[in-house]
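Fold and geometry: a report
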Amino acid sequence: MHNQSKNISRLVATTAIAASIFAAQAPNVLAVTQPHPDKELNQEAVKKQLQVEGVQQLENGVKLDLSSDQTALIRLFSEDMAKISILNDGEEEYFSEAIVKKEWDTPSFDVKEQNGEITLTTNEITVKIKKEPFGIKFLDKKGNVINEDYMKNGSGYDGEKPYVYKKTNENEAFYGFGEQGGLEVNQRGESIGMFNTDAYGYQPDTKYLYTSIPFFIGLKNEKAYGIFFDNTNRSYFEMASESDDYYYFYADDGKLNYYFMYGPEIEDVLDSYTNLTGKMDKPAKWTLGLHQSKWEYSAEDIERVAETYREKDIPIDTMHFDIDYMDEYRVFTWSDKFGKEALHQKLDDMNFHKITINDPAVKKDPGYFMYDEGTDNDFWAKNPDGTNFVGKVWPGDSMFPDFSKPEVREWWANKHNILFDKGIDGIWNDMNEPAVFDGPYHTMPLDVTFGEGENKRTHAEYHNLYGHDEAEATYKAFEKYKPNTRPFVLTRDMYAGSQRYAALWTGDNVSEWDHLQMSIPMNTNIGLSGVPFVGNDIGGFAGRPDAEMFARWIEVGAFLPFSRIHYDSDKKAEGDKQAQEPWAFGQEVEDISKKYVEMRYKLMPYLYNTFIDASENGTPVQQPLVYQFQEDEKTQNISDQFMFGSSMMLAPVVKQGQTERDVYLPEGETWVDYWTGKEYEGGQTIHTNAQLDHLPIYVKKDSMIPTREVQQYTGEKTLENLVLDTYLDEKATYSFYEDDGATLDYKDGEYNITDLVIQRKKNHIEFKTKKQATGYNTELESYTLKLNGEVAPKKVQAARTKYNRVSSVEEVKSNQESYFYDEENDSLYVNVPADEKHKVKILFKGNKRK
Ligand code: MIG
């Protein structure tokens, strides 16, 4: 179906290599860097079949002697997760840095051997291992095959290259794979490659981007499973790109080992995957506000832009400092202008948070403390002959910290006081592919080495982990210097598991409509790869948007998990020096920007709670429709709509000149147009108008969305009144989490969870709250229930207390035990004290209900 795009780019990639080496030295040439050519599997080699010659039972699985003089380990990690490894003689089982949990409680299981098959059965899955030839099949407890090897080719090694072939059919869809280009969310038909690449100005068909997460989800017959191919070498996924009957994955080198996890729900798969590789931390609230950035803002620009936001009352939390703040690109230094106390004081006074970029490369500059210390301690990546590797980046000739060594990570972490002492709150890790301007394919030669002795690895093996380990080092800086503050690290490069250290932005996108459209499948697949905290440069980084494009982009951007406007230096913008702040496009676009950014801030309690879910269950914040609606086949290929949290669906305009669009409403829900209140049954496609200022939003009926008053920055006002924006049919519930949003005190129980339940009874509506956790000293005094689409009530009361009827929204919000009926909008507001012990009853005349 989408067979074409990446296969073509594979050809282009090879011919573009010469150009990209040249482009490396002149970064303003728009040729997308791609790595050295793909290695393909030898088709003869993969036809040879392995036989099982011996079976040995293990405490949690089986060990098999294979005809190839190799051993297969099939181990059960839980009732629905298994690990498959094929190891050479004497090799130990492999765990990369992705894995946080290596020890699992063995689930109860049965082993049987009969008819040439070994069967492992837990309460959830059955693993059937065929002995001749060797092959694996996973079944659910009803005996349905969930996933199986494609027996013509099976699995094993082609020389150094581990590979696995799996059977598929045309009904199977694939998601995840971390950061991928393309306009489709379903990756079936794609040729995917994983090798972190500084792909400045990438396009939808660019195969290699910055981040590698060799994990995917297969969805067939409404049932989902996940496969994590834990191999840090360059890897490849041919997802039914050659035939509808099979897909396969392989790597240039390293071990064959993968984890299989069964759903059947996608959310179960993600929960298992993030139990294995880690979940993101609870984020600091300020990080969920708007961020503004530009490469080559002067110190004055930063101050002026920050001021303008405050003057114009457009909410924002954070300004970013790009590489110019350093003294000639020496990491962990400040230039005079950007280091000025007055600038930092000014930003602090305006209640801005501040983030600085940081690059891994250290200027080769005797006398510069970073160079001297790193050299004295032997901290650099090395050439094969043991000398230090030197490559050019922004500061000229540079050294590259060997982040694989714990002592280097610690050293790096320890330097962050230089940034934190100026009041820096978050660190932005760039260039951590690592990017090397004069290296082959814009990185280091593959034979550069990291680590010593038995921990020694080549760059080829370590490449995809470089950013991961740098992110860990940066994260550790917070533990050291801000021990009770939630860290914020933003990174360009990840491997599986990096979500536990950092948020991801998708690098140097372009101010083109395709990029706006692409951001949706890209982010939602990243979300399905265990990384909920993701965003793209709003308005596009390279190139410059026009007013229409910026308006449409901010409509999407205000709902990105990580919401940042960022753009390229003026030097690189050919001709047009269009600025990219919300007010740079005239009044109309400024108003649109304000409208949607304000909406983000209004939704902050909902957004924060969505992130809490992400931190606890691995739930994506920006979700493809298929995530919640996998039983509705039509959602499988919907790539231009997304769920923002559990209740809101957005259908933005992502095409130039469009002022209307089709919207698919998934089956099984009633959907309410957020703007008009009009209701639609799910399972149909509707058509809607969408003028420039209109973002189509639909809310699931029977949902409650916690909101609050707009703030100019997240900590501006204490949350005293929580507005529960409610769309009630029969029953809506919400489990509301609250803590200080900044410290780690929640780990000592300082949080509240309150269950909110609203239910329609025969002739009344009932609202009740139940406190599940009360460890946080909250300032929350009351809830304002906002019931959309209701008739006027006869009375509202809790036990014997009658609530007063008041006559405006303002009044109801500031008076506990009051209610207001807004006739014009059919909305009913009820102010319920937070400590109301009784059920609140909203009574109607007779049996009336809307
Ligand atoms: O070689 O620091 O993706 O966000 O503004 C370019 C300058 C280096 C690339 C990042 C971009 C950042 C820019 N950086």
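Residues numbered from 1 in each chain as written. Predicted model: local features only at pLDDT ≥ 70, side-chain atom pairs only at ≥ 80, totals over all residues. Heavy atoms only, no water.

With that out of the way, let us pick up the overall build of the protein chain. Across its full length, the protein chain carries 17 helices and 52 strands. Against the 2.2 N^0.38 benchmark of 29 Å for 850 residues, the protein chain shows a C-alpha radius of gyration of 28 Å, consistent with a compact globule. When each of the 850 residues of the protein chain is scored for burial, the buried share is 64%. When contacts within the protein chain are restricted to residue pairs at least 6 apart in sequence, those whose partners lie at least 24 apart make up 69%. About 30100 Å² of surface is accessible on the protein chain, with carbon and sulfur atoms providing 43% of the total. If the 95 positive side-chain charges of the protein chain are averaged to one point and the 144 negative ones to another, these points end up 5 Å apart. (Helix = DSSP H or I, 4+ residues; strand = E, 2+ residues; numbered from the N terminus. Rg over C-alpha atoms; globule rule 2.2 N^0.38 Å. Buried < 20%, exposed > 50% of the residue type's maximum accessible area, 1.4 Å probe, protein only. Contact = heavy atoms within 4.5 Å. Areas by Shrake-Rupley, 256 points an atom, 1.4 Å probe, with all protein chains shown as cover. Lys, Arg positive; Asp, Glu negative; His and termini not counted. Charge placed at Lys NZ, Arg CZ, Asp CG, Glu CD.)

Within the structure shown, the criterion is met by 50 salt bridges. Ionic pairing is found between Lys382 and Asp378, a salt bridge with its closest N-O pair at 3.1 Å. Among the residues examined, Lys382 registers a relative accessible area of 12% and is labelled buried. Asp378 gets classed as partly exposed once you look at its relative accessible area, which sits at 34%. Note that Arg492 and Asp508 form a salt bridge whose closest N and O atoms lie 3.7 Å from each other. In this pair, Arg492 is assigned in the loop between strand 28 (489-491) and strand 29 (503-505) and Asp508 in the loop between strand 29 and helix 12 (513-527), connecting sequence segments 16 residues apart. Across the pair, exposure class does not vary: Arg492 and Asp508 are buried alike. (Salt bridge = Lys/Arg side-chain N within 4 Å of Asp/Glu carboxyl O.)

Taken from the UniProt record, the annotation "domain: Glycoside hydrolase family 31 TIM barrel" (unreviewed entry) applies to residues 283-609. For residues 283-609, the end-to-end C-alpha separation is 10 Å, with 35% helix and 14% strand making up the annotated structure. (UniProt positions renumbered as here; feature names shortened; annotations may be inferred.)

The next point concerns the site of the ligand. Surrounding the ligand, one finds 13 residues, the nearest of these being Asp322, Asp430, Arg492, Asp508 and His566. Within the side chain of Asp322, one N or O atom sits 2.5 Å away from an oxygen atom of the ligand. Arg492 is positioned with one of its side-chain polar atoms (N or O) 2.8 Å from an oxygen atom of the ligand. The fraction of the free accessible surface of the ligand (350 Å²) that becomes covered by protein chains is 97%. Classifying every residue of the shell around the ligand gives eight nonpolar, one polar and four charged. (Near = heavy atom within 4 Å. Polar contact = N/O pair within 3.5 Å; in protein donor to acceptor, adjacent residues only side chain to side chain. Nonpolar A, V, L, I, M, F, W, Y, C, P; charged D, E, K, R; others polar.)

This part takes up the sheet that holds strand 47 (residues 795-798). Spatial ordering of the open sheet is given by 43-44-45-52-47-48, a layout of six strands whose pairing is antiparallel. Looking at which strands have only one partner, the edges of the open sheet turn out to be strand 43 (731-738) and strand 48 (801-802). Where strand 47 meets strand 48, two bridges bridge the pair, whose relative direction is antiparallel. Opposite Ala798, over in strand 48, you have Thr801 as the bridge partner. (Pairing = 2+ DSSP bridges.)

Quick look at the pairing of strand 5 (residues 110-114) now. Bridging between strand 5 and strand 6 (residues 117-121) involves five bridges; their strand directions are antiparallel. Its bridge partner lying in strand 6, Glu113 is registered against Ile118. Hairpin connection between strand 5 and strand 6: a loop of two residues separates the two successive antiparallel strands, and Asn115 in this loop has a positive phi of roughly 50°.

We now examine the packing of aromatic side chains. Counted by the stated rule, this structure contains 68 aromatic pairs. Judged by centre distance (5.6 Å) and plane angle (35°), the ring pair of Phe77 and Trp104 falls under tilted. Of the two residues, Phe77 sits in strand 3 (residues 70-78) while Trp104 sits in the loop between strand 4 (81-88) and strand 5, which places them 27 residues apart along the sequence. Given the relative accessible area of 2%, Phe77 is considered buried. For Trp104, a relative accessible area of 16% translates into the label buried. Between Tyr246 and Tyr248, the aromatic rings sit 6.2 Å apart at their centres with planes inclined by 40°, giving tilted as the arrangement. Just as Tyr246 is buried, Tyr248 falls in that class too. Here Lys480 stacks its cationic end above the ring of Tyr481, 5.4 Å away from the centre of that ring. Above the ring of Phe420, the side-chain terminus of Lys482 is found at 4.6 Å from the ring centroid. (Phe/Tyr/Trp six-rings, centres within 6.5 Å; stacked < 30°, edge-to-face > 60°. Lys NZ or Arg CZ within 6 Å of the ring centre and 35° of its normal.)

Before going further, it helps to spend a moment on helix 14 (residues 587-602). Look at helix 14: 22 Å from first C-alpha to last across 16 residues, which is about the 22 Å you get at 1.5 Å a residue. Listed as buried for helix 14 are Val589, Glu590, Ile592, Ser593, Tyr596, Val597, Met599, Arg600 and Tyr601. Looking at the packing, one finds that the buried side of helix 14 touches helix 13 (547-557), helix 15 (604-617), strand 35 (648-650) and strand 40 (697-700). (Expected span 1.5 Å × (residues − 1).)

For the bond running from Gly263 to Pro264, omega is 0°, close enough to zero to count as cis. For Pro264, the location among the structural elements is in the loop between strand 18 (256-262) and helix 3 (266-277). Residue Pro434 is reached from Glu433 by a cis peptide bond, and omega for that bond is -5°. In this fold, Pro434 is placed in the loop between strand 25 (426-429) and strand 26 (449-450). Despite not being glycine, Ala240 has its phi angle at roughly 60°, a positive value.

This part is about the nonpolar core. One finds Phe228, Phe559, Met648 and Val830 to be the most contacted residues of the largest nonpolar core, which totals 193 residues. In terms of residue count, the dominant contributor to this core is helix 15 (seven residues). Here this core spans two domains, since at least three of its residues come from each of domain 1 (45-277) and domain 2 (718-843). Once you skip the residues sitting within four places of it in the chain, Met648 turns out to touch Met599, Leu603, Tyr606, Phe642, Met643, Tyr674, Ile697, Tyr698 and Ile705. Among the nonpolar cores identified, the runner-up in size contains 40 residues, and Ile86, Leu120, Leu256 and Tyr258 belong to it. (Core = buried A, V, L, I, M, F, W, Y, C linked by side-chain atoms within 4.5 Å. Domains from an automatic or database assignment.)

With domains assigned, the protein chain is organised as domain 1 (45-277) and domain 2 (718-843). Summarising the inter-unit geometry, the C-alpha centres of domain 1 and domain 2 are found 47 Å apart.

Structurally, Asp748 can be placed in the loop between strand 43 and strand 44 (752-760). In sequence terms Asp748 and Leu347 are 401 residues apart; their C-alpha atoms lie 32 Å from each other.

With 96% of its residues at a pLDDT of 70 or more, the protein chain has an overall mean of 95. Note on residues 1-29: pLDDT is under 50 here. Beyond four places in sequence and across chains, it has 48 contacts. (pLDDT = per-residue confidence, 0-100.)

Next up on the list: the environment of Tyr163. Counting through the fold element by element, Tyr163 comes out in strand 11 (residues 161-167). With 90 residues separating them in the primary sequence, Tyr163 and Asp253 have C-alpha atoms 9.7 Å apart.

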